[in-house]
Amino acid sequence: MVERPLEAPLKKGLGLTSTDQPVPLHLIDVPSDLDESRTSVGIGEMDRVLGGGLVPGALVLLSGEPGIGKSTLLLQLLSSLAHTSKSVLYISGEESLAQIKMRSERLGKTSRGLWLVCESDLDRILDIVREHAPSVLAIDSIQTMFCRDISSAPGSIAQVREATARVMQVAKTRGIATILVGHVTKEGSIAGPKVLEHLVDTVLYFEGDRSHTFRLLRTIKNRYGPTYEIGVFEMTDRGLREVPNPSEVFLSQRPGPVPGSVIVPCMEGTRPILVEIQALVSPSHLTMPRRTSTGIDSNRLALLIAVAERHLGLALYDRDIFINVVGGLKVSEPASELGVILAIVSSLREVPLDLDTAVFGEVGLTGEVRAVERAGLRLKEATRLGLKRCIIPWPGSDRLKVPDGLEPFPVKRINEAVALISGAQ
Ligand code: TYD
Ligand code: MG
């Protein structure tokens, strides 16, 4: 079913600069004062994903599944901003003043300079914003807001889109940095924030496995910075805690040398993170053996299994194969492919990899191991965490600067990598 809003389109366009007459400017004369006007939000991981801080007039959409911790992150962020003598206005359409107060006490953050309003009528909210003139505005959530002159229910496409456009006009003309919270559902959300992605300047996605405490903040779009950074947080009983050293945390629960566990240095933005990929290969009693993966795309897994069968001569047709990336992380990098294959082989043959060995490399359909970007940074991170060996792609390995204390094992094909782990025994 596709929803069609019935109301007539607004007669007046919602231009950003409706007040001043546009004048053409030479590109070289345009002031580039973006970096000076950026404000650090006081949470390092958040600054990282924003590209250095909040920009006045920028519209940031903070999206994520319900219950993942958006309101918690927002409150910590706003308290931190309010602490640096910004005037911050927090509009909540979901929680009462008392609930927010309780949460802020739980977080141990009660700052002066943070103003609260519980309201969902957007026109009233915009009146308050115009009168109060905050430097930072937050609306939690955009789905609860409604414009009185639109007849469809709050949360519908028409309401969400119109509410955002109105907030945007006020924010842009007054230079108010605005954070909108938007819920998305696992199924991809039709009436959700997806329809807003082209309107706002920055889209952040807060994700994580709810059964794990780790939360990742990803940039999906950013007009004011790079889009590949992630921020890592941990949900504790006193709110979200930054995790500046994710590799250490993700590897901290490794058991001893067990079959099926492989360490892969992955790049998340400009930052290398060591992740543990686990595989379990067991005899299947089904006509269609199970292939289940958490944290790795299942099509990619199917492809890697086919490559392993064909080029390693493994019989996997009667095996169930489960893959898991520890800590609820999602790995989409091709550099993890060699690691997945080795994890499968290691589990199938019950050969553990040495604890101090890392693996990375892209795997081609003909069984060749291909070079990946930023190999040097990956090796550095592996060394920093005390690893001693790394299986790496042969192409480009001669030009690679290998850190002291780490022995590289360049391989051309996947069978060479498999021979290395079997030979280590
Ligand atoms: P919340 O921020 O309300 O999620 P959202 O706004 O995305 O819907 O947080 C949801 C969960 O976080 C809730 O289940 C309780 C948990 N939580 C903690 O574990 N520790 C805390 O300090 C807080 C405030 C919440
Ligand atoms: Mg919430």
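Residues numbered from 1 in each chain as written. Chains lettered and ligands numbered in written order. Predicted model: local features only at pLDDT ≥ 70, side-chain atom pairs only at ≥ 80, totals over all residues. Heavy atoms only, no water.

Examining the packing of aromatic side chains
Part 1 of the argument: Here the structure, examined in full by the defined rule, presents one aromatic pair.
Part 2 of the argument: On the numbers, 6.1 Å between centres and 80° between planes, the contact of F206 with F233 is edge-to-face. Remark: F233 occurs in strand β8 (residues 230-236) and F206 occurs in strand β6 (residues 202-207); sequence separation between them is 27 residues. Taken individually, F206 and F233 each receive the classification buried, so the pair is uniform in this respect.
Part 3 of the argument: Over the ring of F360 we find R378; its NZ or CZ atom is 5.6 Å from the centre of that ring.
Part 4 of the argument: Above the face of the W394 ring, K412 is positioned so that its terminal group lies 4.5 Å from the ring centre. (Phe/Tyr/Trp six-rings, centres within 6.5 Å; stacked < 30°, edge-to-face > 60°. Helix = DSSP H or I, 4+ residues; strand = E, 2+ residues; numbered from the N terminus. Buried < 20%, exposed > 50% of the residue type's maximum accessible area, 1.4 Å probe, protein only. Lys NZ or Arg CZ within 6 Å of the ring centre and 35° of its normal.)

Considering the pattern of salt bridges
Part 1 of the argument: A complete count under the given rule lists 24 salt bridges for this structure.
Part 2 of the argument: Here R130 ties to D127 by a salt bridge, and the two come within 3.2 Å at their closest N and O atoms. Within this pair, R130 and its partner D127 are both found in helix α5 (residues 122-132), separated by three residues, close to a single helical turn.
Part 3 of the argument: On the basis of relative accessible area, R130 is assigned to the partly exposed category, the value being 37%.
Part 4 of the argument: Among the salt bridges present, the one from D354 reaches R389, with a minimum N-O distance of 3.3 Å. Note that D354 is positioned in the loop between α9 (337-348) and β14 (357-359) and R389 in strand β17 (residues 389-393), a separation of 35 residues in sequence.
Part 5 of the argument: Taking relative accessible area as the criterion, D354 reaches 25% and is therefore assigned partly exposed. (Salt bridge = Lys/Arg side-chain N within 4 Å of Asp/Glu carboxyl O.)

Here's the deal with the environment of R124
Part 1 of the argument: Within the secondary structure layout, R124 lies in helix α5.
Part 2 of the argument: On a C-alpha basis, the gap between R124 and C147 in space is 9.4 Å, while along the polypeptide they are 23 residues apart.
Part 3 of the argument: Those residues in contact with R124 that lie beyond four places of it in its chain are E119 and R148.
Part 4 of the argument: Polar contacts involving the side chain of R124 include one to the side chain of E119, which spans 3.0 Å. (Contact = heavy atoms within 4.5 Å. Polar contact = N/O pair within 3.5 Å; in protein donor to acceptor, adjacent residues only side chain to side chain.)

A short note on the pairing of β17
Part 1 of the argument: For β17, a buried count of four out of five residues is recorded, marking the element as mostly surrounded by other parts of the structure.
Part 2 of the argument: Here β14 pairs with β17 via three bridges, running parallel. Counterpart to T357 in the pairing with β17 is R389.
Part 3 of the argument: Of the strand pairs in this sheet, β17 and strand β18 (residues 407-411) are connected by five bridges, and their pairing is parallel. The residue bridging I391 from the neighbouring strand is F409, located in β18. (Pairing = 2+ DSSP bridges.)

Description of the domain arrangement of the protein
Part 1 of the argument: We note that the domain assignment places domain 1 (37-244) and domain 2 (249-423) within the protein.
Part 2 of the argument: Once you take the C-alpha centre of each, domain 1 and domain 2 turn out to be 37 Å apart.
Part 3 of the argument: Each partner contributes to the interface: domain 1 provides 15 residues, whereas domain 2 provides 11 residues.
Part 4 of the argument: At the boundary of domain 1 with domain 2, total buried surface from both sides reaches about 1,100 Å², with 56% on carbon and sulfur atoms.
Part 5 of the argument: When the area that domain 1 buries against domain 2 is broken down by residue, the three leading residues are F214, Y228 and I230, summing to 36%.
Part 6 of the argument: Counting the contacts that link domain 1 with domain 2 gives two salt bridges.
Part 7 of the argument: Ionic pairing is found between E45 and R271, a salt bridge with its closest N-O pair at 3.1 Å.
Part 8 of the argument: For the interface between domain 1 and domain 2, the tally reads three residue pairs in polar contact (both at pLDDT 80 or more). (Domains from an automatic or database assignment. Buried area = accessible area lost by both parts, 1.4 Å probe.)

Examining the site of ligand 1
Part 1 of the argument: Around ligand 1 sit 16 residues, and of these G67, S71, T72, T236 and G239 come closest.
Part 2 of the argument: A distance of 3.0 Å separates an oxygen atom of ligand 1 from a polar backbone atom of G69.
Part 3 of the argument: Taken by itself ligand 1 offers 560 Å² of open surface, and the protein chains cover 75% of this.
Part 4 of the argument: Broken down by secondary-structure element, the contributors of at least two residues to the shell around ligand 1 are α3 (70-83), α4 (97-107) and β8.
Part 5 of the argument: Its residues placed into classes, the shell around ligand 1 shows four nonpolar, six polar and six charged. (Near = heavy atom within 4 Å. Areas by Shrake-Rupley, 256 points an atom, 1.4 Å probe, with all protein chains shown as cover. Nonpolar A, V, L, I, M, F, W, Y, C, P; charged D, E, K, R; others polar.)

Section: the sheet that holds strand β5 (residues 177-183)
Part 1 of the argument: The nine strands are arranged β3-β2-β4-β5-β1-β6-β7-β8-β9 in an open sheet whose pairing can be described as mixed. Across the chains shown, the open sheet's two edge strands, defined by having one partner strand only, are β3 (114-118) and β9 (239-242). For this sheet the average axis-to-axis angle between neighbouring strands, irrespective of direction, equals 25°.
Part 2 of the argument: Two elements, strand β1 (residues 59-64) and β5, share six bridges in a ladder whose sense is parallel. Across the sheet, residue V60 finds its bridge partner in β5, namely I179.
Part 3 of the argument: Together, β1, β2 (88-92), β3, β4 (136-140), β5, β6, β7 (214-222), β8 and β9 form the strand contacts of α3, whose direction differs from that of β2 by roughly 160°. (Axes fitted to C-alpha atoms, helices over the stretch in contact; angles between N-to-C directions.)

Overview of unusual backbone geometry
Part 1 of the argument: Cis rather than trans, the peptide bond between D140 and S141 has omega equal to -5°.
Part 2 of the argument: Turning to its location among the elements, S141 is positioned in the loop between β4 and α6 (157-174).
Part 3 of the argument: Here A133, not a glycine, exhibits a phi torsion of approximately 45°, which is positive.
Part 4 of the argument: Among the structural elements, A133 can be located in the loop between α5 and β4.
Part 5 of the argument: One non-glycine residue, R374, adopts positive backbone phi at about 55°.
Part 6 of the argument: Inspection of the secondary structure puts R374 in the loop between β16 (369-370) and α10 (375-384).
Part 7 of the argument: Judged by its relative accessible area of 42%, R374 falls in the partly exposed class.

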